[in-house]
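# Structural characterization, general
If you want the building blocks of each chain, they are given just below.
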Amino acid sequence: IASETCEELFTPNSPHIALALAGADIITNGSGSHHNLRKLDARLQLIMGATQKSGGCYMYSNQIGCDGGRLYYDGCAMVSVNGQIVAQGSQFSMRDVEVVSATVSIADIRSKRAAFSSRCEQSASTPEIPRVLVD
């Protein structure tokens, strides 16, 4: 499991690329992404793309509600696996809390990754990412 921050998803060299090549099966993103017209579509494309080429699971959560000023956070948490959205929350929900869950097969992720020989070659040459081992 690895994590990237809100805006990193939108950058050209997003951390999820190196993290997935280094072996992270699940990438999480706890976001504070405010609403803009058509921004949800951009998020969907980026999140599906994060797992389409390299396989994996991307778990995205977003704040919901108003910041008390001019920004509104539209929620819409989602889970993408191997390029497909498998669970998606509401956009503009009026609930205080919304939980989105999905059952994910790590075996399916690793099978997709093993099917691409060029991905395996890139993964083998990826610099080591610092890890925290947990029992």
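The sections below set out a description of the structure shown in this document. (Residues numbered from 1 in each chain as written. Predicted model: local features only at pLDDT ≥ 70, side-chain atom pairs only at ≥ 80, totals over all residues. Heavy atoms only, no water.)

### Observations concerning the pairing of strand S3 (residues 57-62)
On a regular strand, each side chain points to the face opposite its neighbour's, so the side chains alternate between the two faces of the sheet. Inclusion rule: Being paired, for any two strands, means DSSP has found at least two bridges between them. Note on conventions: DSSP H or I runs of at least 4 residues are helices, E runs of at least 2 residues are strands, and numbering of each starts at the N terminus. By definition, the crossover connecting two strands over a helix is right-handed if that path, from the first strand to the second, turns clockwise as seen with the strands pointing away from the viewer.
Sheet topology note: the strand S2 (residues 26-31)/S3 ladder contains six bridges and is parallel. Residue pairing for S3: Asn-29 is matched across the bridge by Tyr-60. For the crossover that starts at S2, traverses helix H2 (residues 39-52) and ends in the parallel S3, the hand is right-handed. As judged from the four bridges shared by S3 and strand S6 (residues 78-81), these two strands associate in the antiparallel manner. By the bridge assignment, Tyr-58 is partnered in S6 with Ser-80.

### Digging into the pattern of salt bridges
What counts here: We count a salt bridge whenever a side-chain nitrogen from Lys or Arg sits within 4 Å of a carboxyl oxygen from Asp or Glu. Per-residue accessibility, obtained with a 1.4 Å probe over protein chains only, is compared with the maximum for each type, and a residue is labelled buried under 20%, exposed over 50%, and partly exposed between these values.
Scanning all chains against the criterion turns up five salt bridges. Here Arg-113 and Asp-25 are joined by a salt bridge, their closest N and O atoms 3.2 Å apart. Of this pair, Arg-113 sits in helix H3 (residues 106-114) while Asp-25 is found in the loop between helix H1 (15-21) and S2, placing the two residues 88 residues apart along the sequence. Here Arg-113 matches Asp-25 in class, with each residue buried. When the shortest N-O distance is used, the salt bridge between Arg-95 and Glu-98 registers 3.2 Å. Look at the salt bridges and you will find they share partners, linking Asp-25, Arg-110 and Arg-113 into a network.

### Quick notes on the side chain of Arg-43
Cut-off, in case you're wondering: Contacts are assigned to residue pairs that have any heavy atoms within 4.5 Å of one another.
Counting through the fold element by element, Arg-43 comes out in helix H2. In this view, Arg-43 contacts Phe-10, Ser-33, His-34, Tyr-60, Asn-62, Asp-74 and Gly-75; residues no more than four positions away in its chain are not counted.

### Details of the nonpolar core
Just so we agree on the cut-off: Nonpolar cores were defined as sets of buried Ala, Val, Leu, Ile, Met, Phe, Trp, Tyr and Cys residues, with membership established by side-chain atoms within 4.5 Å.
Grouped together as the largest cluster of nonpolar side chains are 13 residues, with contacts concentrated most on Ile-27, Ile-47, Tyr-58, Tyr-60 and Met-78. Those elements giving two or more residues to this core turn out to be H2 and S3. Per-element accounting of this core gives the leading share, four residues, to H2. Once you skip the residues sitting within four places of it in the chain, Tyr-58 turns out to touch Glu-4, Leu-9, His-16, Ile-27, Asn-29, Ile-47, Ala-50, Thr-51, Met-78, Val-79 and Ser-80. Cys-57, Val-81, Ala-87 and Ile-109 belong to the second largest nonpolar core, which has six residues in total.

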